[in-house]
Amino acid sequence: MSVTVRDLVKKIKLQVVQATDEALEREVTTADISRPGLEMSGYFDYYTPERIQLFGMKEWSYMMKYTSDNRYDRLKQIITPETPAVIVARGLEIPSEMYAAAKKQDVALLQSNEVTSRLSANLTTYLIEALAERHTVHGVHMDIFGTGVLIQGASGVGKSETGLELVKRGHRLIADDRVDVYRKNEFTLMGQPADVLKHLMEIRGVGIIDVMMLFGAGAVKDFGEINLAVNLVPYEKGYQYDRLGNGTKSIELAEVKVPQIEIPVQTGRNISVIIEAAVMNFHAKNMGYDATENFVKNLNTLIKENS
């Protein structure tokens with residue numbers, strides 16, 4: 001996924017001080033942010049011009065100690081054709097030499113009233129997510145009781161119909177059919193719909209439906225975490241399904257492991273209600289209560305009392 005300077009301006013709510021349309025369409029290729037303190041002192045051995053250059057109070061104060069000519073010469077070294085944008089934090093006054101150096105290289109000059117550390121954190125968080133590598137998986141991504149659930153299974157098993165029933169029961173659709181997943185951090189997996197499929201579901205026999213149009217804005221989300229995977233499988237007589245809930249299955253998506261439960265689909269089983277119960281049980285386990293462990297403990301106690 002690509003991010004342009006224009007995207008950054010819109011998302012972080014930055015003020016465009018000076019920029020051409022070409023400068024605003026320049027791509028940001030890394031989530032790393034540079035605060036050019038050492039560079040202002042003349043040290044460029046490990047300079048990374050492809051990063052956004054962020055000037056806070058320290059960098060600005062050091063820069064303002066230079067004479068006009070020296071300041072311009074130093075800024076010409078910092079602002080290069082590879083630089084995606086220069087941002088000045090805290091609403092600090094931008095010197096004319098910075099205007100000139102940015103204009104010379106056709107680099108966007110932006111400003112924010114936000115404090116530097118918070119602005120840097122916001123920029124990094126947004127860019128890490130926006131630039132993360134996407135992986136496409138087949139399934140339905142739902143927000144159920146605040147938990148991101150990825151419903152998977154073979155074609156025709158009833159994933160979308162189950163998702164529609166869950167929407168009717170007050171839960172929220174994130175993506176149907178195609179889910180683009182990416183890693184937010186080492187432990188967090190995120191999912192979002194493809195732009196062309198946003199808020200849409202395909203129901204066999206009905207066709208494409210717009211969930212937001214039919215059920216309202218509260219029935220959809222644009223993105224969300226994936227905390228639990230549910231695999232719907234056709235019921236097979238004689239197959240040993242997990243009856244106690246002590247299985248430890250998981251799947252790995254984008255290098256993040258997600259716990260998975262397997263639910264057999266059979267006529268007469270309300271899959272939506274079962275998934276709701278599975279999510280509530282998932283919540284209970286995360287809060288330290290395990291019904292299976294409690295059952296085994298009670299069973300062992302009963303056996304001891306009767307032995």
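Taking an unreviewed UniProt entry as the reference, the protein is identified by name as HPr kinase/phosphorylase belonging to Floricoccus tropicus. The UniProt entry for the protein carries the following text under Cofactor (unreviewed entry): "Mg(2+)". In UniProt, the protein has this text filed under Subunit (unreviewed entry): "Homohexamer."

J.: Is there a simple way to explain the overall build of the protein in this structure?
T.: The helix and strand inventory of the protein stands at 11 helices and 17 strands. Over its C-alpha trace the protein gives a radius of gyration of 27 Å, far above what one expects of a compact globule, namely 19 Å for 307 residues. Projected onto the principal axes, the alpha-carbon positions of the protein cover approximately 90 × 55 × 30 Å. Per-residue burial for the protein yields a buried fraction of 44% across its 307 residues. Of the contacts formed within the protein by residues at least 6 apart in sequence, a portion of 67% connects residues at least 24 apart. Only carbon and sulfur atoms are counted for the fraction: they give 49% of the accessible area of the protein, which is about 16,900 Å².

J.: What is the right way to read the packing of helix α8 (residues 159–168) against helix α10 (residues 271–286) from this model?
T.: The relative placement of two packed helices is expressed as an angle between their axes plus a distance between the axes. Between α8 and α10, whose axes approach to 9 Å, the crossing angle comes to 70°. If you check the angle between α8 and α10, you find them roughly perpendicular. Helix-helix and strand crossings are classified by hand; for α8 and α10 the assignment is right-handed. Here Thr162, Glu165 and Leu166 of α8 lie close against α10, whose contacting residues are Ile271, Ser272, Ile275 and Glu276. Tallied by class, residues from the contact of α8 with α10 come to 3 nonpolar, 2 polar and 2 charged.

J.: Looking at this structure, I do not really get the pattern of salt bridges. What am I missing?
T.: Two side chains carrying opposite charge are able to pair once their charged atoms lie near each other. The full count for this structure, using the stated rule, is 12 salt bridges. The salt bridge partner of Asp21 is Arg6, with a shortest N-O separation of 3.9 Å. Note that Asp21 is positioned in helix α2 (residues 21–24) and Arg6 in helix α1 (residues 5–12), a separation of 15 residues in sequence. A residue is classified by how much of its surface remains accessible, and Asp21, at 53% relative accessible area, is exposed. Between Glu255 and Arg183 there is a salt bridge whose closest N-O contact spans 3.4 Å. With Glu255 in the loop between β16 (250–253) and β17 (256–265) and Arg183 in strand β10 (residues 172–183), this pair connects stretches of sequence that are 72 residues apart. Each of Arg6, Asp21 and Glu25 takes part in one network of salt bridges that share partners.

J.: So what exactly am I meant to see when it comes to the side chain of His141 here?
T.: Secondary-structure assignment places His141 in strand β8 (residues 135–144). Assessed through its relative accessible area of 0%, His141 is described here as buried. Not counting residues within four places of it along the chain, the set of residues in contact with His141 comprises Gly148, Val149, Arg172, Leu173, Ile174, Ala175, Val179, Gly191, Gln192, Gly224, Glu225 and Ile226.

J.: Any chance you could explain the environment of Val137 here in plain terms?
T.: Take Val137: it is sitting in strand β8. Look at Val137 and you get buried, because its relative accessible area is 13%. Sequence spacing of Val137 and His283 is 146 residues, and the spatial spacing of their C-alpha atoms is 25 Å. Excluding its chain neighbours within four sequence positions, the residues that come into contact with Val137 are Leu150, Gln152, Asp177, Arg178, Val179, Val181 and Leu253.

J.: Quick question: what am I supposed to make of the UniProt feature "binding site: Mg(2+)" (unreviewed entry) in the protein here?
T.: Feature annotation in UniProt places "binding site: Mg(2+)" (unreviewed entry) on Ser160 and Glu202, given in this structure's numbering. Spatially, the listed residues are clustered: although they cover 43 residues, their C-alpha atoms lie within 6.8 Å of one another. With respect to the helices, strands and loops of the structure, Ser160 is situated in helix α8. Given the relative accessible area of 14%, Ser160 is considered buried. When residues no more than four places from it in sequence are discounted, the contact partners of Ser160 are Val140, Asp176, Met201, Glu202 and Ile203. Within the fold, Glu202 resides in strand β12 (residues 200–203). Assessed through its relative accessible area of 45%, Glu202 is described here as partly exposed. Non-local contacts of Glu202, meaning those with residues more than four positions away in its chain, are made with Ser160, Asp176, Gly207 and Ile208.

Cut-offs and rules
Residues numbered from 1 in each chain as written. Predicted model: local features only at pLDDT ≥ 70, side-chain atom pairs only at ≥ 80, totals over all residues. Heavy atoms only, no water. UniProt positions renumbered as here; feature names shortened; annotations may be inferred. Helix = DSSP H or I, 4+ residues; strand = E, 2+ residues; numbered from the N terminus. Rg over C-alpha atoms; globule rule 2.2 N^0.38 Å. Buried < 20%, exposed > 50% of the residue type's maximum accessible area, 1.4 Å probe, protein only. Contact = heavy atoms within 4.5 Å. Areas by Shrake-Rupley, 256 points an atom, 1.4 Å probe, with all protein chains shown as cover. Axes fitted to C-alpha atoms, helices over the stretch in contact; angles between N-to-C directions. Parallel < 35°, antiparallel > 145°, perpendicular 65-115°, else oblique. Left-handed = near helix turned anticlockwise from the far one by under 90°. Nonpolar A, V, L, I, M, F, W, Y, C, P; charged D, E, K, R; others polar. Salt bridge = Lys/Arg side-chain N within 4 Å of Asp/Glu carboxyl O.

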